[in-house]
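# Observations on the three-dimensional arrangement
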Amino acid sequence: MIKLGVNIDHCATLRQARYRQTKANSGVIIEPDILQAAFFAENGGADSITAHLREDRRHMNDADLAALRKGIVVPLNMEMACTPEILKIALRLKPDYICMVPENRAEVTTEGGLDVIAKFEDISAAVDKLSKKGVVCSLFIDPCIEQVEAAAKSGAQSVELHTGAFANAWGNVRKKDAQKKRIAAACAYARSLGLTVNAGHGINYLNAREVVELGDFNEFNIGHSIICRALAVGLSEAVAEMKELINS
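Okay, so let's go over this structure. Given the structure is predicted, the values throughout are model-derived calculations rather than measurements.

### Examining the overall build of the chain
Along the backbone of the chain there are 11 helices and eight strands. Referenced to the eigenvectors of the C-alpha coordinate spread, the extents of the chain come out at roughly 55 × 40 × 35 Å. Taking all 248 residues of the chain together, 49% fall into the buried category. At a minimum sequence separation of 6, the contacts of the chain that also span at least 24 residues come to 67%. With 29 positive and 31 negative side-chain charges, the chain shows a separation of 3 Å between the mean positions of the two kinds.

### Things to note about the pairing of strand β7 (residues 196–200)
The buried fraction of β7 amounts to four of the five residues, a majority that puts the element mostly inside the structure. The pairing of strand β6 (residues 158–162) with β7 spans five bridges and is parallel. Within the sheet, the bridge partner assigned to valine 159 lies in β7 and is valine 197. Sheet analysis places β7 next to strand β8 (residues 219–222), joined by three bridges and oriented parallel. Looking at the pairing, asparagine 198 lines up with glutamate 219 of β8.

### A closer look at helix α10 (residues 224–233)
Among the residues of α10, those classed as buried are Ser225, Ile226, Ile227 and Ala230. Once α10 finishes, glycine 234 follows within two positions and takes phi at roughly 95°, a positive value.

### As for the environment of cysteine 187
Among the secondary structure elements, cysteine 187 is positioned in helix α8 (residues 173–192). Owing to a relative accessible area of 1%, cysteine 187 belongs among the buried residues under this scheme. Sequence spacing of cysteine 187 and leucine 35 is 152 residues, and the spatial spacing of their C-alpha atoms is 33 Å. If we skip the residues at most four places from it in the chain, cysteine 187 touches Leu161, Val197, Gly215, Asp216 and Phe217.

### Some remarks on the packing of aromatic side chains
With the rule as written, the count across this model stands at one aromatic pair. On the numbers, 5.5 Å between centres and 65° between planes, the contact of phenylalanine 217 with phenylalanine 220 is edge-to-face. Across the pair, phenylalanine 220 and phenylalanine 217 agree in class, each one buried. The residue whose ring lies beneath lysine 176 is tryptophan 170, and the NZ or CZ to ring-centre distance is 4.5 Å.

### Focus on the pattern of salt bridges
With the rule as written, the count across this model stands at 11 salt bridges. Residue aspartate 96 pairs with arginine 69 through a salt bridge whose shortest N-O separation is 3.3 Å. Taken together, the residues span a long stretch of sequence, with aspartate 96 in the loop between α4 (84–93) and β4 (97–100) and arginine 69 in helix α3 (residues 62–71) at a distance of 27 residues. In this structure aspartate 96 comes out as partly exposed when scored by relative accessible area, which is 26%. Take arginine 69: its relative accessible area is 31%, and that puts it in the partly exposed class.

### A few points about the side chain of arginine 54
When you line up the elements, arginine 54 lands in the loop between β2 (48–52) and α3. For arginine 54, a relative accessible area of 1% puts it in the buried group. Here histidine 59 takes part through its side chain, which lies 3.5 Å from a polar atom of the side chain of arginine 54.

### So, the nonpolar core
Core analysis: the biggest nonpolar cluster contains 69 residues, and Met78, Met100, Leu139, Phe217 and Phe220 have the highest contact counts within it. Beyond its immediate chain neighbours, meaning those up to four positions away, methionine 78 contacts Ala51, Leu53, Leu65, Ile86, Ile89, Ala90, Leu93, Pro95, Tyr97, Ile98 and Cys99.

### Looking at the environment of arginine 69
Separated by 94 residues in the primary sequence, arginine 69 and threonine 163 have C-alpha atoms spaced 27 Å apart. Excluding residues that lie within four positions of it along the chain, arginine 69 makes contacts with Leu76, Leu93, Lys94, Pro95 and Asp96. Polar side-chain contacts of arginine 69 include one of 3.5 Å to the backbone oxygen of leucine 93. Side-chain polar atoms of arginine 69 contact the backbone oxygen of lysine 94, separated by 2.8 Å.

### As for the packing of α4 against helix α5 (residues 120–132)
Running from N to C, α4 and α5 cross one another at 15°; their axes reach a closest spacing of 9 Å. Taken together, the axis directions place α4 and α5 in an arrangement best described as roughly parallel. For the element pair α4 and α5, the recorded crossing hand is right-handed. Note on element contacts: α5 touches α4 through Ala126, Lys129 and Leu130, opposite Leu87, Ala90 and Leu91. Split into classes, the residues belonging to the contact of α4 with α5 amount to five nonpolar, no polar and one charged.

Rules and cut-offs
- The residue numbering used here restarts from 1 in each chain and proceeds along that chain's sequence as written.
- A pLDDT threshold of at least 70 governs which residues receive local features in this predicted model, and a stricter bar of 80 or more applies before side-chain atom pairs are shown or counted, although totals over entire chains, interfaces and linings include all residues.
- Excluding hydrogens and water, the side-chain values take into account all heavy atoms of the structure.
- A run of DSSP states H or I qualifies as a helix once it reaches four residues; a run of E qualifies as a strand once it reaches two. Both are numbered from the N-terminal end.
- A simple rule labels every residue: compare its accessible area, found with a 1.4 Å probe on the protein chains alone, to the largest value its type can have, and call it buried under 20%, exposed over 50%, or partly exposed in between.
- In this description, contact between two residues means that some pair of their heavy atoms is separated by no more than 4.5 Å.
- Positive charges are assigned to Lys and Arg, negative charges to Asp and Glu, while His and the chain termini are left out of the count.
- Here the site of a charge means NZ on Lys, CZ on Arg, CG on Asp, or CD on Glu.
- When DSSP finds at least two bridges between two strands, those strands are taken to pair.
- Side-chain rings of Phe, Tyr and Trp, where Trp is taken by its six-membered ring, are said to pair if the distance between their centres is within 6.5 Å; with planes under 30 degrees apart they count as stacked, over 60 as edge-to-face, and otherwise as tilted.
- Two conditions define a charge located above a ring, namely a distance within 6 Å from the ring centre to NZ of Lys or CZ of Arg, and an angle within 35 degrees of the ring normal.
- Each salt bridge in this description consists of a side-chain nitrogen of Lys or Arg and a carboxyl oxygen of Asp or Glu lying within 4 Å of one another.
- Throughout this description, a polar contact denotes any pair of N or O atoms lying within 3.5 Å of each other; where both atoms belong to protein, one of them has to be capable of donating a hydrogen while the other can accept it, and for residues adjacent in sequence the pair is counted only when both atoms sit in side chains.
- Put simply, buried Ala, Val, Leu, Ile, Met, Phe, Trp, Tyr and Cys residues joined by side-chain atoms within 4.5 Å make one nonpolar core.
- Convention adopted: a line fitted to C-alpha atoms gives each axis, helices being fitted over their contacting stretch, and angles between N-to-C directions are expressed from 0 to 180 degrees.
- Any angle between 65 and 115 degrees counts as roughly perpendicular, while under 35 counts as roughly parallel, over 145 as roughly antiparallel, and the rest as oblique.
- The crossing is said to be left-handed when, going from far helix to near helix, the turn is anticlockwise and less than a right angle, and right-handed when the turn is clockwise.
- Throughout this entry, Asp, Glu, Lys and Arg are counted as charged residues, while Ala, Val, Leu, Ile, Met, Phe, Trp, Tyr, Cys and Pro are counted as nonpolar. The remaining residues, Gly among them, count as polar.

Here it is as structure tokens:
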């Protein structure tokens, strides 16, 4: 069984479109309710809830992460940049999992994997501190053998392979097949090093089965596609459909 982590950042993005300057205790009904969205995802079978606390707080904020940590039943997977401020919050919050990702202020969503090789010392130090607090650490990396090896050396227990290049190659058989080979090779190598392997970015209801076939994955982390599907069928049903799809 492949687990399904549901990223609810886009729910917060929708909230911020109208209520960015509204305080939580203002008496105004602020929607969508992030915790409620997480409950709907849990009801649909989500195995974890993913939330990215960005440095600029463009969608999720500190109060959201605190509410999720306290309120949800399934594990909380906190996506984060490897920066002193966010690391301090993660050490205090102690989510079940963290996934270190790169951040670019100009991007709409996370694009590309973390360069573990270039930032090895900082990443290793952060992994060590979080691991001592009992937090399971994952690194969001491109499906690259060298990055997988660096991730293993950093002390991280898990990697999440960035599947965006595969998703973006949809419609181009040659490019898509090349990306599938990269993902399969990276997954196999990571498993051989004892790493747990997750996958995420661009996985949707059309391509999910193809990713399933590429290796021994522990969990898919999916946000945008599930939230889009939820507009038609509701969040619980959208999660249930994806859960069934990746395990059928």
